[in-house]
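Next come the chains, spelled out residue by residue.
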Amino acid sequence: MDLDLTQTWSVLCWLEQAIDAKGVETCLLTYAARFGLSALFAGWVPRLDPSIASDISSRILFQKFPPEWAARYNKQNYVFLDPVVQRLQTDRNLFSWTDAYNSCSSSNDVKRVGGEASEFGLVDGLVVPIQSVDGALAAFSFGGGRLELGEGDAAAFAFVTNFAAGRLLTLTSRQKIDQCSRLTPRESDCLLWSAEGKTDWEISVILGISRSTVLKHMASAREKLGAMNRAHAVAIAMRAHVVR
């Protein structure tokens, strides 16, 4: 077994032993450091629609950037200007930040986001898009002062990151399933009928409550389960056998 394969195998074993998200994050950053990368931002890729700005925080999986840069990025809603996020709207292959900057149609966005990131030592990076089985797209974006990727490294990097994403989702799914025990009977009923394809109005008629109350129960269930939307909440409840 050659050195590169041995190192990759060691990282996978370390990831398999991670017991929480912090462990996965630490392992990924340690692995990325050998390629000149020191920062990580990961999350579910949003549409380029500023109206969903309030929902962005719920999409974040990791945000291990310099604190001042992370605060500025979040406050200014740079996610909607970021050339990396723009490229993710159409590209599902691994690419570098430089690739994203070069393909961006707005030089102002490149100058603003890329230029300000470089002030914090984030000059270049590597992005690994990950498609989930239900069609959602996540991305792991690693940044640093200099990207040092040798021949064959890209495939190994993508493999390790995909494995890490799977491990993270396994850990968080267990935590979310545990949260199902906190659902009230009404919240469980709303999820059950939603899984049957019923609308909010139909659920309100079936349960004998107002539509606004249905919406309140659904919102509470999503919050308890850490779900991004109704379909996600139903999926978590189904895995926990709360909804059958």
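Parameters and conventions
- Residues numbered from 1 in each chain as written.
- Predicted model: local features only at pLDDT ≥ 70, side-chain atom pairs only at ≥ 80, totals over all residues.
- Heavy atoms only, no water.
- Pairing = 2+ DSSP bridges.
- Helix = DSSP H or I, 4+ residues; strand = E, 2+ residues; numbered from the N terminus.
- Contact = heavy atoms within 4.5 Å.
- Axes fitted to C-alpha atoms, helices over the stretch in contact; angles between N-to-C directions.
- Core = buried A, V, L, I, M, F, W, Y, C linked by side-chain atoms within 4.5 Å.
- Buried < 20%, exposed > 50% of the residue type's maximum accessible area, 1.4 Å probe, protein only.
- 1 Å grid on protein atoms, 1.4 Å probe; cavity = no way out; pocket = protein on both sides within 12 Å on 5 of 7 lines; lining within 4 Å.
- Points joined across faces, edges and corners; volume = space filled by probe spheres on them.
- Nonpolar A, V, L, I, M, F, W, Y, C, P; charged D, E, K, R; others polar.

A. The arrangement of the sheet that holds strand 2 (residues 60-64) in detail. A sheet is described by the order of its strands in space; here five strands give the open sequence 2-1-5-4-3, paired in antiparallel fashion. A single partner strand is all that each edge strand has here, and the edge strands are strand 2 and strand 3 (95-96). Examined bridge by bridge, strand 1 (residues 39-44) and strand 5 (residues 137-144) share six bridges and lie antiparallel to one another. Bridge pairing in strand 5 places Phe41 opposite Ser141. Contacts between helix 2 (residues 21-33) and the sheet are confined to strand 1, strand 2 and strand 5, with strand 2 contributing the most and set at about 50° to the helix.

B. Expanded view of the nonpolar core. Of all hydrophobic cores here, the largest spans 27 residues; its most connected members are Val24, Leu28, Leu40, Phe62, Phe140, Phe142 and Phe157. Per-element tally for this core: the top contributor is helix 7 (residues 153-179), with seven residues. Those residues in contact with Leu28 that sit more than four places away from it in its chain are Leu40, Phe62, Phe140, Phe142, Val160, Thr161 and Ala164. Core analysis: the next-biggest nonpolar cluster, separate from the first, contains 26 residues, Phe95, Val113, Leu122 and Val127 among them.

C. Representation of the layout of surface pockets within the structure. Estimated volume of the second largest pocket: approximately 440 Å³. Every residue lining the second largest pocket is counted, 29 residues in all, and those nearest its centre are Phe41, Tyr73, Val79, Asp82 and Val85. Of all elements in the fold, only strand 1, helix 3 (67-75), helix 4 (83-88), helix 5 (97-103), helix 6 (107-118) and strand 5 reach the threshold of two or more residues within the lining of the second largest pocket. If one sorts the elements of the lining of the second largest pocket by residue count, strand 1 sits on top with four residues. Taken together, the residues of the lining of the second largest pocket sort by class into 22 nonpolar, five polar and two charged.

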